[in-house]
Every structure is written in C-alpha cells, then in structure tokens.
Amino acid sequence: MDESERKIVNEFCHYLEKSKQLFNGLRDLPQYGHKQWQSYFGRTFDVYTKLWKFQQQHRQVLDTKYGLKRWQIGEIASKIGQLYYHYYLRTSETNYLNEAFSFYSAIRMRAYYSKASKEERPDLMVKKLRYYARFIVVCLLLKKMKLVRDLVRELAKQIDDYTGTYEPDDQMEWNLVLGEIKSFIEADNIINVVDMDSSSIVLSHRLTPLNTPPLEKGAPVYLTLQEILIVGNCHEQVKFSELTLDMFRMLQTLEREPQDELVTQTFDTSPAPGRPPFRDLPPQSSLENGERSGARDNPHKYLLYKPTFGQLNTFLASAFKELPPNGAMLLYISADGSHGNQKHTDDAAYDLGGVITNSRRDGEDPTKSKRPGHLKEIHCLHPGDLYPYTRKPLFLIVDSDNSSAFQNFPNLFGQPLVCLLSPDQVPSNMQDQHQKGSLFTMFLHCPLMALCFVCKMGDVPVTLWDKCQAQVDKFMAEASRLFARSRKLDHSYMQFFGDDFLRLLLLRFVFCYMVLILHKSFKGPSYYPISHPPLPTEEVLEHPALYRIVLELASLLEVRSLFAEPGEADISA
C-alpha cells in the first residue's frame, strides 16, 4: 500500500469512526424541545455526507486495500436513511421521509446486503432484518403499499433463513415483528377502492390544496396549529413500531402531502420513479440555525406510545413552552378509559376518571391485585391534569370509551379551548372491530372511509368513490359557511377555524355527528360525539342543508335504508 492509498484508508477510517460515535450519541439527545438537538444532528449529517461522498470517490482503493464490502456500504446508507427518518420524527417534515425512502430503496435495488448471509455472522443478518423493518415503516407512512407487501414477503424469507441457519434466541421476537406488520396492514385495509380492472387503489389522506376545506374570503386567521401531541394506548388495537393504528391515521391527517408527491398523490407510485437515489443531506449551517424551507411547515408533533404520566407531562410542558405567540397546541389521545368514582361527581377534574396512557404501575408487581377502590390509576390522565395547559390555546381530541369525562372542561384562563370527544359507545355489531382502529378517529382521518365502514361496505369502485368524495367536499364547504355565519358559535371555534388542519378536524367532526345521529344503528346520546363548548345545534350541527347532503350521499352508496327518514331520526337526543 503506497502513501496516498494509506492516507485514503486512514481518512475513511476516521470518518467511519466519527460517524459511528455521532450516530450512537443521537440516542442520548432529549426527545423534546427544538434547539437542544438540532446542532448535533447537523454535525452528524455533515460527517455522513463526507463519509458517503468519500467512499464513492475512492471506492476502488477502499475495495482493494481496505477490503470494503458491499454490506458495509449498505450499513452507511442504512444509517443515513435512519438519520432522515429520525429527522422527520423530530421536525414532522414529510419531505425527509422521501429522503429516507431514497436511501433504503437504493440499498435494496443495489443489493448491498445480498451477501450478508454468506459472512456467517448472525449480527449481520440481524442488521439486515432491522433494515427491512425500518424500510417497511417508511413505506407504510408514504402509503407505498405494493412495495410494503413485497418487503413483507422478503422479510419473511430472510427471517426463515436467519432462524434456519442460526437457531437464534430472538427467533420468537422476529416472528412477532412479522405478525405485527401483517396484522397492521390487514387492519388498515378498511375499504377497498377498486379501478376498472378490480385492482386496489391506494389513497393518500394527507392535506393537499385539493382537500383543504374553504375559508370565507376575508376571514381572519387568529391562531395556527404549531405543536401536536399524539398519544396512543388502546389494549385491543393493532400496532407496529410504537404506532397504534389510530396514531398512524392521525399523524397522516395532521401532515401536508410532500410537495413533489402532489401530482400523483391519489395513487400509489412505489417505488417513486425518476428520483435520484442519493441527494445531499441538509447543510449543517441550516440545521444549526434552525432554518426552515419554502412552504409553510407541518406543525411540530410528538408521537407518544403508552407514555407514563411523567413522560406525557414532560412532553406537554415542553410543547407548551415552545408554543409561539398566536400558536395553538393540539393534544390527541386514543386510549382506554378509566371510569373513576361515579358517585362523587362534585369534582369534574378528577372524580369522573379519565384515560389510561400506560397500564403499568411503577415499582409494583403487575400480577398483584388492583389497588383499593378509592385510589386512582397512576397513569390515568384526568381532565384536571390538563388545566394548567389551558393558559395557552388548547385543542383537545379524546377518543375513548370514557371521553365524556372531559365534557365539562372549564375554561379557567379565558384562552381559546375546544374539546372534541368521541362517543362513549359503539353499536354491539361493531364492538369486535376495535383492532381496526377507533371509529371516531376514522371519521377525522377519512370521513368517506368511516361512512363506508359503518355501512359495512367492502369494495367501492373508484368512479363511485370520486362521486361520493365530491359530496363530502360539498358537505365541508357548506359546513364551513355555516361556521362563518353562525351567531351563537363560541368564540373559541372561530379562533381556531382559520388554521387549515383545525378547520378540517372541526368540519369532519360535524360530518361524523350528522352521520351517526342519522344512522339507525346508533341509538342515543352515548353513541354520538360531543363538542365542548357545545356547537350550535340549529345553526351548525343539525342544519337541514347538511342533513340533505348526508342522505344524498347514502343514496349514492345505495345504503339509504340504513339511515332514518327526515323527521324520524332521534336528532335531539
């Protein structure tokens, strides 16, 4: 090896070691707050950019003199993919998901891990399996479902090879991961929209200019959604990679479609054609300075799977602290209820129970019997726990069988405050569907899908779907007009209404309410969602124009018989 070659190998080793140190340090960074981690991410991106370009420029020397193997290049690409994915999680910017996809996709297309099994090292096979699991998560979030199914088949084969060759201790764990992925995909497939050839069409449910509900001309925008917490803890619901189905649906609802995906956003284009496999990472300077690009950002969000009360409170406090002037915070909770002590209802803050965000008790044997009845669940979030956070604008969504515990939420500080609460009950013929996600969240995610679900529809031709979607858009436009013109509407609603995401959620709430009060299977107030402060009944919630649009929609879908005739519905219940 001559001097120049030795220099190249040494420099490569330096970059490789430095990149590993920085990458391993990422897990020690705080998960909350904005500024604490950005400069560290910037340095990490910077080193990986240099490492990647360096191995491209000097591949021949590194192949012959260092013995660089293809799986090692795959490892670097996989780490960069992980960097982009974690940057997406921290910033909520969907374009970074596309960058993660580019790197993960290139690993597969260039077969970087193809010879990992021949190295006779089980740890390499585990790295390959983890790569597949991470790639599947990114493809799920980008709705590249054809590719997801291919990857699941490949992962199943890789797991068989791994367990057959090494008989490892983690065989059960990998089979569990595979089972979770398959269950998740199956449960998320609620309605099958089919084209002329009976092939399934994958629909995107992120916000685009096409599905943003209209706002009256000249309407003021008082607040914008800046901070979001998405919390999930439903015992019966499928999950994958610390995302329950409800969390998965809500995070998409609260994101804009990546800009370069807008042209083909309706259909699954996986793998995305014409994209260069590698792009420059964000420059360190822009990361360190917290610069943001182009169009308006997605609101920043935290995804919290089964958080303890301490964790949830920490993230709430951080989001509260980071909230800029004229910013609003959204807290979405999908969790099982804890019903509390119904006999003492003088204290709405704690006596009505709340929602359980984590089922374990600190320092307590989970096999032991429950605590005495007068003590409350440690990880139950009560309405009173949120009172301090109403010092700033708060938009609360609770999807639970005890959501009504939050319906008397007081406005102590005079700041805008809205609560959208799921029905406490669903009809008995839908109770075995919990693993497919909560009905209320389904309505907030995709109203037409939820309507088809409560009408027990399977396949829907895309031509019919498009006609029905036009009816839903008509409903949203009419409901938006009613909000703007209502005289009895609490001022909190109009403070939030100027924000695209919050307006979308409010209008979808009204659609959910109207569908459920008209549907014959939903009988009585506990089957209907609640808003607090109450939305005006005559002016908005039960307006005849909205009533007509829903019944026209039912006729289009040929399910009119499932809905009450005008005058028959238990609308005032």
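Residues numbered from 1 in each chain as written. Predicted model: local features only at pLDDT ≥ 70, side-chain atom pairs only at ≥ 80, totals over all residues. Heavy atoms only, no water.

If you check an unreviewed UniProt entry, the protein appears there as Protein SCAI from Pomacea canaliculata.

Asks: Looking at this structure, I do not really get the overall build of the protein. What am I missing?
Replies: In terms of regular secondary structure, the protein is built from 19 helices and 13 strands. Long-range pairs, those at least 24 residues apart, make up 76% of the contacts in the protein between residues at least 6 apart in sequence. (Helix = DSSP H or I, 4+ residues; strand = E, 2+ residues; numbered from the N terminus. Contact = heavy atoms within 4.5 Å.)

Asks: So what exactly am I meant to see when it comes to the pattern of salt bridges here?
Replies: When the charged atoms of two side chains lie near each other, side chains of opposite charge can form a pair. Considering all chains together, one arrives at 18 salt bridges under this definition. Notably, a salt bridge pairs E75 with K79, separated by 3.5 Å at the nearest N-O pair. In this pair, E75 and K79 are both assigned in helix 4 (residues 70-91), four residues apart and thus about one turn of the helix distant. As far as burial versus exposure is concerned, E75 and K79 are alike and both buried. A salt bridge links D123 to R121; its shortest N-O distance comes to 2.9 Å. We classify R121 as partly exposed; its relative accessible area is 32%. (Salt bridge = Lys/Arg side-chain N within 4 Å of Asp/Glu carboxyl O. Buried < 20%, exposed > 50% of the residue type's maximum accessible area, 1.4 Å probe, protein only.)

Asks: What is the right way to read the packing of helix 14 (residues 447-454) against helix 15 (residues 462-485) from this model?
Replies: For any two helices packed against each other, the geometry is given by the interaxial angle and the distance between the axes. Where helix 14 meets helix 15, the closest approach of the two axes is 10 Å, and the angle between their N-to-C directions is 115 degrees. For the element pair helix 14 / helix 15, the angle class is roughly perpendicular. Two packed elements cross with a definite hand, and for helix 14 against helix 15 that hand is right-handed. Taken together, the residues of helix 15 that come into contact with helix 14 (itself represented by P447, L448, M449 and C452) are W465, C468, Q469, V472 and M476. Partitioning the contact of helix 14 with helix 15 into residue classes produces eight nonpolar, one polar and no charged. (Axes fitted to C-alpha atoms, helices over the stretch in contact; angles between N-to-C directions. Parallel < 35°, antiparallel > 145°, perpendicular 65-115°, else oblique. Left-handed = near helix turned anticlockwise from the far one by under 90°. Nonpolar A, V, L, I, M, F, W, Y, C, P; charged D, E, K, R; others polar.)

Asks: So what exactly am I meant to see when it comes to the environment of Y222 here?
Replies: For Y222, the position within the fold is in the loop between strand 1 (192-194) and strand 2 (224-233). Y222 sits 272 residues away from M494 along the chain, and the two C-alpha atoms are 8.1 Å apart. Those residues in contact with Y222, other than ones at most four positions away along the chain, are N326, M494 and Q495.

Asks: Would you mind showing me how to read helix 14 here?
Replies: Residues three or four positions apart in an α-helix share a direction because the helix packs 3.6 residues into each turn. The buried count for helix 14 comes to eight of eight residues, which makes it a mostly enclosed element. Taken residue by residue, helix 14 has P447, L448, M449, A450, L451, C452, F453 and V454 as its buried positions. Along its buried surface, helix 14 packs onto helix 9 (245-253), helix 13 (439-445), strand 12 (459-461), helix 15, helix 17 (500-518) and helix 19 (544-556). In the segment just after helix 14, K456 is the residue with positive phi, at about 55 degrees.

Asks: I keep staring at helix 9 and nothing clicks. Help me out?
Replies: Of all nine residues in helix 9, nine are buried; the element is thus mostly enclosed. Residues L245, D246, M247, F248, R249, M250, L251, Q252 and T253 constitute the buried set of helix 9.

Asks: For this particular structure, what's the right way to read the sheet that holds strand 8 (residues 354-356)?
Replies: Two orientations exist for strands paired in a sheet by backbone hydrogen bonds: parallel and antiparallel. Spatial ordering of the open sheet is given by 7-8-9, a layout of three strands whose pairing is antiparallel. Edge positions in the open sheet fall to strand 7 (337-338) and strand 9 (380-381), since each of these has one partner strand only. Taken together, the two bridges between strand 8 and strand 9 define a ladder with antiparallel strand orientation. Pairing of I356 across the sheet is with C380, part of strand 9. (Pairing = 2+ DSSP bridges.)

Asks: Even after reading the chapter, I still don't get the environment of Y85, so can you show me in this structure?
Replies: Take Y85: it is sitting in helix 4. Under the relative-accessibility criterion, Y85 is labelled buried at 15%. In this structure, the C-alpha to C-alpha distance between Y85 and F135, residues 50 residues apart in sequence, is 9.8 Å. Residues within four places of Y85 in sequence aside, it is in contact with L97, A100, V137, V138 and L141.

Asks: Looking at this structure, I do not really get the sheet that holds strand 2. What am I missing?
Replies: With mixed pairing, six strands are arranged side by side in an open sheet as 5-2-6-10-11-13. The sheet is open, and its two edges are formed by strand 5 (300-305) and strand 13 (530-532), each paired on a single side. Adjacent strand axes in the sheet meet at a mean angle of 10 degrees, parallel and antiparallel pairs treated alike. With respect to the sheet, helix 11 (residues 309-322) is in contact with strand 2, strand 5 and strand 6 (327-335), its orientation differing from that of strand 2 by roughly 175 degrees.

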